Number of protein chains: 2
Amino acid sequence: MPDSTNRDKGLLIVYTGDGKGKTTAALGMVIRAIGYGWKVCIIQFIKGSWKYGELDGIKRLSPNVELNVMGEGFVGIIDDNKSFEEHRNAAKKALETSIEKMLSGLYELVILDELNVAVNLGLITQDELEELILRKPERLHLVITGRNARKWLIENADLVTEMKEIKHPFRKGILAQKGIDF
Amino acid sequence: MPDSTNRDKGLLIVYTGDGKGKTTAALGMVIRAIGYGWKVCIIQFIKGSWKYGELDGIKRLSPNVELNVMGEGFVGIIDDNKSFEEHRNAAKKALETSIEKMLSGLYELVILDELNVAVNLGLITQDELEELILRKPERLHLVITGRNARKWLIENADLVTEMKEIKHPFRKGILAQKGIDF
């Protein structure tokens, strides 16, 4: 049976899967959070994963919402000329910032965007992921996004939604759309 | 091959499935949209489906974002004492408003929240749904949310994501959380 002492429990929420809407759903939670007058902190683990619309939109919600663009750009793509060590150091810094922000007591909601991707790339180890989650304060809501969430994370989360791609416009020959894709 | 004349095509986007994050992803798109200085119109087909956090959060984005709370409350639940005819009339009015807002030229993004639910309840017919979609202006981005999207809608959409429930906190015996569920 649900226990009323659970009412103030902060949830661990995971948005994963190959479909669009993971980061977008996390951003939607920001709107709800500011409706309650909450403070929100977002940490981006993959720099450049957001485009101008999202960045400018979030800036308009300042100072209630703080965005920390961390990590390096995408790993292993054509114009990635950084070493694994550089990517790893940037991810480690993002991880430290995440823990610091979680423990600061300043925020009701912390979003770790694309953390799953950093884990899958080996930039963050399973041990580091587990330590991060175990240090989540009881009342803090923590949202983690990115495809291929680890089994351990899914098992330890309170709410997990898989965004499944049913249909994507690129397959129909439509170019990326401003405001939708970038 | 993608055609560059497609760049200004407005997309028809569907968020469906039984998992959490459908309306939330639509709200996340609002943040991106205001980042571009776009005007957004949201029409709620099921009154009461949003809770205070979302309503107050969206109000803070006024006047760039307009929310039309329409339709009646949930159909067929314990405190629903309205006739099918009353629900049907309210849905029809929401439908008319949707078409009017779509055609007004005032918005770059229109969100029809829980429209799929209204269709599944029989409050909106398949013919009405098809007419609505066919009247979407070429450049308008239209987002439709709600579980059990019709096959026709999925076939005619540009981007469809199914939110799949992998894990839900109520199953773990945790009560609904402020800012997350209401």
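Parameters at a glance
- Note that residues are indexed from 1 along each chain, following the sequence as it is written.
- Whichever chain is written first is A, and whichever ligand is written first is 1; the rest continue in order.
- The predicted origin of the model limits local features to residues at a pLDDT of at least 70 and limits the giving and counting of side-chain atom pairs to 80 or more, whereas totals for whole chains, interfaces and linings rest on all residues.
- Computation of side-chain values: all heavy atoms of the structure, hydrogens and water removed.
- Strands here mean DSSP runs of E at least two residues long; helices mean DSSP runs of H or I at least four residues long; both are numbered from the N terminus.
- Working definition: with a 1.4 Å probe on protein chains only, accessible area under 20% of the residue-type maximum means buried, over 50% means exposed, and in between means partly exposed.
- Contacts between residues were defined by any pair of non-hydrogen atoms, one from each residue, lying within 4.5 Å.
- All accessible areas in this document rest on Shrake-Rupley with a 1.4 Å probe, and a residue is counted as covered only by the protein chains that are shown.
- Throughout, an axis means a line fitted to C-alpha atoms (over the contacting stretch in the case of helices), and angles, computed between N-to-C directions, take values from 0 to 180 degrees.
- These descriptions rest on fixed angle ranges, namely under 35 degrees for roughly parallel, over 145 for roughly antiparallel, 65 to 115 for roughly perpendicular, and the rest for oblique.
- Residue polarity follows a fixed list, in which Ala, Val, Leu, Ile, Met, Phe, Trp, Tyr, Cys and Pro are nonpolar, Asp, Glu, Lys and Arg are charged, and the others, Gly among them, are polar.
- In protein, a polar contact requires one atom able to donate a hydrogen and another able to accept it; more generally it is a pair of N or O atoms within 3.5 Å, and residues adjacent in sequence count only if both atoms are side-chain atoms.
- At least two DSSP bridges between two strands are needed for those strands to be called paired.
- The predictor rates its confidence in each residue with pLDDT, a number between 0 and 100.
- What counts as a salt bridge is simple: a side-chain nitrogen of Lys or Arg found within 4 Å of a carboxyl oxygen of Asp or Glu.
- Among buried residues, those of type Ala, Val, Leu, Ile, Met, Phe, Trp, Tyr and Cys that are joined through side-chain atoms within 4.5 Å constitute a nonpolar core.
- When the strands point away from the viewer and the connection leading from the first strand across the helix to the second strand turns clockwise, the crossover is called right-handed.

Okay, the overall build of chain A next. What chain A contains, in helices and strands, is six helices and six strands. Secondary structure of chain A in N-to-C order comes out as β-α-β-α-β-α-β-α-α-β-α-β. By residue count, 57% of the 182 residues in chain A fall in the buried class. By sequence separation, contacts in chain A at least 24 residues apart represent 81% of the contacts at least 6 residues apart. Summing over all exposed atoms, chain A offers an accessible surface of approximately 8000 Å²; the carbon and sulfur share of this is 50%.

Packed helices, taken two at a time, are described by their axes: the angle between them and the distance between them. In contact at an axis separation of 6 Å, helix 1 (residues 22–35) of chain A and helix 2 (residues 52–59) of chain B are set at 90° when each is read in the N-to-C sense. Taken as axis vectors, helix 1 of chain A and helix 2 of chain B run roughly perpendicular relative to one another. Between helix 1 of chain A and helix 2 of chain B, the residues in contact are I31, R32, I34 and G35 of chain A and G53, E54, D56, G57 and I58 of chain B, respectively. Grouping the constituent residues of the contact of helix 1 of chain A with helix 2 of chain B by class yields three nonpolar, three polar and three charged.

All names here are of chain A. Relative to the assigned elements, S49 resides in the loop between strand 2 (40–44) and helix 2 (52–59). Classification of S49 by relative accessible area gives buried; the value is 16%. Of the polar contacts made by the side chain of S49, one reaches the side chain of Q44; its length is 3.3 Å. When sequence neighbours within four positions are dropped, the list of residues in contact with S49 reads Q44, E54, F74, D113 and E114.

All names here are of chain B. Within strand 4 (residues 109–113), five of the five residues are buried, leaving the element largely enclosed by the surrounding structure. Two strands pair when backbone bridges link them, and strand 2 (residues 40–44) and strand 4 are joined in this way by five bridges, in the parallel orientation. Counterpart to I43 in the pairing with strand 4 is L112. Pairing between strand 4 and strand 5 (residues 141–145): four bridges, direction parallel. Bridged to L109 within strand 5 is H141.

Take the confidence of the model for chain A next. All names here are of chain A. When pLDDT is averaged along chain A, the result is 88; 87% of the residues meet or exceed 70. Contacts of residues 1–6 to residues separated by more than four positions or lying in other chains number ten contacts, the stretch itself having pLDDT below 50. Prediction confidence for the complex, expressed as pTM and ipTM, is 0.87 and 0.83 respectively.

Side chains carrying opposite charge are able to pair once their charged atoms draw close together. All names here are of chain A. In the structure shown here, the tally under the stated rule is 20 salt bridges over all chains. The partner of E66 in a salt bridge is K101, and the shortest N-O contact between them spans 2.8 Å. Of this pair, E66 sits in strand 3 (residues 65–69) while K101 is found in helix 3 (residues 84–103), placing the two residues 35 residues apart along the sequence. Residues participating in the shared-partner salt-bridge network are K47, E72 and K82.

Formed by 48 residues in total, the largest nonpolar core has its most connected members in V30, I42 and I58 of chain A together with V30, I42 and I58 of chain B. Apart from residues lying up to four places away in sequence, I58 of chain B is in contact with I31 of chain A together with L27, V30, I42, W50, V65 and L67 of chain B.

With mixed pairing, twelve strands are arranged side by side in an open sheet as 3(A)-2(A)-4(A)-5(A)-1(A)-6(A)-6(B)-1(B)-5(B)-4(B)-2(B)-3(B). The open sheet has two free edges, formed respectively by strand 3 of chain A together with strand 3 (65–69) of chain B, since each of these has just one partner strand. Averaged over neighbouring strand pairs, the angle between their axes works out to 15° when direction is ignored. As paired elements, strand 1 (residues 12–16) of chain B and strand 6 (residues 159–167) of chain B share four bridges and run parallel to each other. The residue bridging I13 of chain B from the neighbouring strand is L159 of chain B, located in strand 6 of chain B.

Structurally, E54 of chain A is set in helix 2. E54 of chain A gets classed as buried once you look at its relative accessible area, which sits at 7%. Distance from E54 of chain A to L27 of chain A, taken between C-alpha atoms, is 8.6 Å for residues 27 residues apart in sequence. Setting aside residues up to four positions removed in sequence, E54 of chain A forms contacts with T23, L27 and S49 of chain A together with I31 and R32 of chain B.

Our next topic: unusual backbone geometry. Residues and elements named next belong to chain A. P63 follows S62 through a cis peptide bond whose omega is 5°. Looking at the secondary structure, you find P63 in the loop between helix 2 and strand 3. The residue N148 is not glycine, and still its phi comes out positive at about 55°. Turning to its location among the elements, N148 is positioned in the loop between strand 5 (141–145) and helix 6 (151–156). Judged by relative accessible area, which is 53%, N148 ranks as exposed.

All names here are of chain B. Following the sequence through the fold, N89 ends up in helix 3 (residues 84–103). N89 gets classed as partly exposed once you look at its relative accessible area, which sits at 42%. Sequence-wise, N89 and I124 are 35 residues apart; in three dimensions their C-alpha atoms are separated by 9.6 Å.

Residues and elements named next belong to chain B. Where burial is concerned, most of strand 2 is hidden: five out of the five residues are buried. Alternating residues of strand 2 divide into V40, I42 and Q44 and C41 and I43, and every residue in both groups is buried. With five bridges connecting them, strand 2 and strand 3 associate as parallel partners. Opposite I42, over in strand 3, you have L67 as the bridge partner. Following the chain from strand 2 across helix 2 to the adjacent parallel strand 3, one finds a crossover that is right-handed.

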